[in-house]
Amino acid sequence: MAKEQILIVDDEPDIRELLEITLQRMDKDTMVAEDVSGAMQLLAKHDFDLCLTDMRLPDGNGIELVRHITQNYPDTPVAMITAHGNMESAIEALKAGAFDFVSKPVNLDILRNLVSSALNLSSRPAASKPSSELLLLGDSEVIQSTRKKIQKLARSQAPVYISGESGVGKELVAHLIHENGPRHDRPFIPVNCGAIPGELMESEFFGHKKGSFTGAVSDKQGLFQAASGGTLFLDEVADLPLHMQVKLLRAIQEKAIRPVGESSEIPTNVRILSATHKDLAGLVEDNKFRQDLFYRINVIELQVPSLRERVEDVPLLVDHFINKIADEWNIDKPGIDQDAISALLQYSFPGNVRELENILERAMTLCESDSITLDDLQLPENAASTNNEDHTQNEDESNDATFNLNPALHEKEREVIEQALQKTRYNKTAAAKLLGITFRQLRYRIKKLGIE
């Protein structure tokens, strides 16, 4: 089997030698060029699996070479070597199409991780597909464009900021970027930044050493370490407190973390994807989110369209969710009346795809025939409101109120259902009759309440 061939472009002999020795120890073949023109000549004559280029070269800069390779040799990943602390150059390179970057003085562990990820990308079969669970469904032009962007972004290691309203599927998009990229066989770790208590945040992200604080009874691995080699998805990143934003920025820039109580830093190898339904740029203007962190995580922005922007996809999504729910509940798949479909096509979906799934789950609970009716949907009275309304709501406003019941009501409902099941010796048909609801409704409630 032929060795991978790597092109090194740098005018400093010491750096070239260091890179050559390191790569040869990784059992890779190397070729070197001292400037942009020399690199272009070698690219025209040879096939390379990776190019490592310095930013400053005698006859130009590395950005020029990055653009040339991206345009003419799109299957060859290119990584930039930048001066220490020069994040502007690194970000410029990533925006130009660079796979990743490494700073001088070159950390050999970081370099090896970068090379392995890039070569993994080059060797991955183009026909490989993500799990059927990870599908961005739709035939609309806007969703087809989104899928193409996902494929393109998957080939880079640039941080991606995924924007969009609540319920559009931002975590799904992040997972697809991961699954279609070179890190697909490594962990995908999603974390809701708003769900971690402030006093535990540093420990959760970076881990801690035993005895570093009260309650630290053993060493703990942080999220960065759990995602090693893979992707860390920072959902609702706007909810990070300012003190944590500083620490996160350093971890991303230095590609290293320091667990609580540890005296030295540990190199990390993760790709950062982030998302929020909030206006992050507006929070930067209001000094509620650090501008430097915003620019670091927002190297590339991917906006996920709302369901209102792709209303022609609604029938396909309806069929998908009805199939999914029927499979989960182990029931026959119901049909859906044309009046119900027409109403859904007219509805504005402030909660987007998540709300559509909730609506259909509720409708299948209420449905007492073989077909979902308009009444089963229980759409709000203003369901016919047009797509011209402003739907920039926060997540609490966008969620369907039906699915935000008081926990006390859940406990009371659980108690009544369990009593009925006990009285009928767990005959669900008899219990449903006793409760005055359909068998399907009882099955739904048992599943929703987690009753064994």
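This text goes with the structure placed above it.
Residues numbered from 1 in each chain as written. Predicted model: local features only at pLDDT ≥ 70, side-chain atom pairs only at ≥ 80, totals over all residues. Heavy atoms only, no water.

Asks: Is there a simple way to think about the packing of helix α13 (residues 314-329) against helix α15 (residues 352-366) in this case?
Replies: Contact geometry for α13 and α15: axes closest at 10 Å, N-to-C directions at 55°. Between α13 and α15, the crossing angle belongs to the class labelled oblique. α15 is crossed by α13, and the crossing has right-handed handedness. Contacts from Leu317, Val318, Phe321, Ile322, Lys324, Ile325, Ala326 and Trp329 in α13 reach Val353, Leu356, Glu357, Leu360, Glu361, Met364 and Thr365 in α15. Of the residues contributing to the contact of α13 with α15, the split by class is eleven nonpolar, one polar and three charged. (Axes fitted to C-alpha atoms, helices over the stretch in contact; angles between N-to-C directions. Helix = DSSP H or I, 4+ residues; strand = E, 2+ residues; numbered from the N terminus. Parallel < 35°, antiparallel > 145°, perpendicular 65-115°, else oblique. Left-handed = near helix turned anticlockwise from the far one by under 90°. Contact = heavy atoms within 4.5 Å. Nonpolar A, V, L, I, M, F, W, Y, C, P; charged D, E, K, R; others polar.)

Asks: When you look at the pairing of strand β2 (residues 29-33) in this model, what are you seeing that I'm missing?
Replies: The side chains of a regular strand alternate, first on one face of the sheet and then on the other. Strand direction decides the pairing type here: strand β1 (residues 5-9) and β2, joined by five bridges, are parallel. Bridging from a neighbouring strand, Leu7 pairs with Met31 of β2. Chirality of the crossover, the property in question, places the unit of β1, helix α1 (residues 13-25) and β2 among those that are right-handed. (Pairing = 2+ DSSP bridges. Right-handed = clockwise from strand over helix to strand, strands pointing away.)

Asks: Even after reading the chapter, I still don't get the nonpolar core, so can you show me in this structure?
Replies: The tendency in soluble globular proteins is for nonpolar side chains to be buried side by side. Core analysis: the largest hydrophobic core is formed by 31 residues, its most contacted members being Phe205, Phe224, Leu232, Leu234, Leu240, Leu280 and Phe289. When residues of this core are traced back to their parent elements, those giving at least two are β9 (188-192), α8 (201-206), α9 (223-226), β10 (231-235), α10 (242-254), α11 (280-285) and α12 (291-297). Tallying contributions element by element places α10 first for this core, with five residues. The residues contacting Leu234, other than those within four sequence positions of it, are Val191, Cys193, Phe205, Leu248, Ile272, Leu273, Ser274 and Ala275. (Core = buried A, V, L, I, M, F, W, Y, C linked by side-chain atoms within 4.5 Å. Buried < 20%, exposed > 50% of the residue type's maximum accessible area, 1.4 Å probe, protein only.)

Asks: Explain helix α3 (residues 62-72) to me, please; I cannot follow it from the model alone.
Replies: Within an α-helix, residues lying three or four positions from one another point in the same direction, as the helix has 3.6 residues per turn. Listing the buried residues of α3 in full gives Gly62, Ile63, Leu65, Val66 and Ile69. Seen end-on, α3 carries its buried residues on one side only, within an arc spanning 160°. Where α3 begins, the side chain of Asn61 points an oxygen toward the backbone nitrogen of Ile63, at a separation of 2.9 Å. (Arc of directions from axis to C-beta. Polar contact = N/O pair within 3.5 Å; in protein donor to acceptor, adjacent residues only side chain to side chain.)

Asks: What is the right way to read the sheet that holds strand β7 (residues 100-103) from this model?
Replies: Working definition: the strands of a sheet are paired by backbone hydrogen bonds and lie parallel or antiparallel to each other. Across the sheet, which stays open at both edges, the five strands sit in the order β2-β1-β3-β6-β7 with parallel pairing between neighbours. The two strands at the open ends of the sheet, each matched to only one other strand, are β2 and β7. Averaged over all neighbouring strand pairs, the angle between strand axes comes to 20°, with direction disregarded. Strand contacts of helix α2 (residues 36-45): β1 and β2, with the helix running at about 140° to β2, the strand carrying the most contacts. Contacts from helix α4 (residues 87-96) reach β6 (78-82) and β7, with the element oriented near 160° to β7.

Asks: Would you mind showing me how to read the pattern of salt bridges here?
Replies: Oppositely charged side chains may form a pair once their charged atoms are brought near each other. Tallying each qualifying case throughout the model produces 18 salt bridges. In this structure, the salt-bridge partner of Glu12 is Lys104, at a minimum N-O distance of 3.0 Å. One end of the pair, Glu12, is in the loop between β1 and α1; the other, Lys104, is in the loop between β7 and α5 (108-123), with 92 residues separating them in the sequence. For Lys104, a relative accessible area of 16% translates into the label buried. Across the salt bridge formed by Glu204 and Lys220, the nearest N and O atoms sit 2.4 Å from each other. In this pair, Glu204 is assigned in helix α8 and Lys220 in the loop between α8 and α9, connecting sequence segments 16 residues apart. A relative accessible area of 31% means that Lys220 is categorised as partly exposed. One continuous salt-bridge network, built from bridges that share partners, spans Glu12, Asp54 and Lys104. (Salt bridge = Lys/Arg side-chain N within 4 Å of Asp/Glu carboxyl O.)

Asks: Help me understand the sheet that holds strand β8 (residues 160-163), please; the structure alone is not making it clear to me.
Replies: One open sheet accounts for five strands, arranged β9-β10-β13-β8-β14; its pairing is parallel. The open sheet is flanked by β9 and β14 (300-303), the only strands paired with a single partner. Strand after strand, the sheet turns through a mean of 20° between neighbouring axes, direction not considered. Direction of pairing for β8 relative to strand β13 (residues 271-276): parallel, over a ladder of four bridges. Looking at β13, one finds that Val160 is bridged to Leu273.

Asks: What is the right way to read the packing of α15 against helix α20 (residues 439-449) from this model?
Replies: Helix-helix packing: each pair is described by the crossing angle between the helix axes and the interaxial distance. Packing of α15 against α20 leaves a shortest axis separation of 7 Å and a crossing angle of 135°. Considering the angle they form, α15 stands oblique to α20. Facing Glu361, Met364, Thr365 and Leu366 of α15, the residues of α20 in contact are Arg440, Gln441, Tyr444, Arg445 and Lys448. Tallied by class, the residues present in the contact of α15 with α20 amount to three nonpolar, two polar and four charged.

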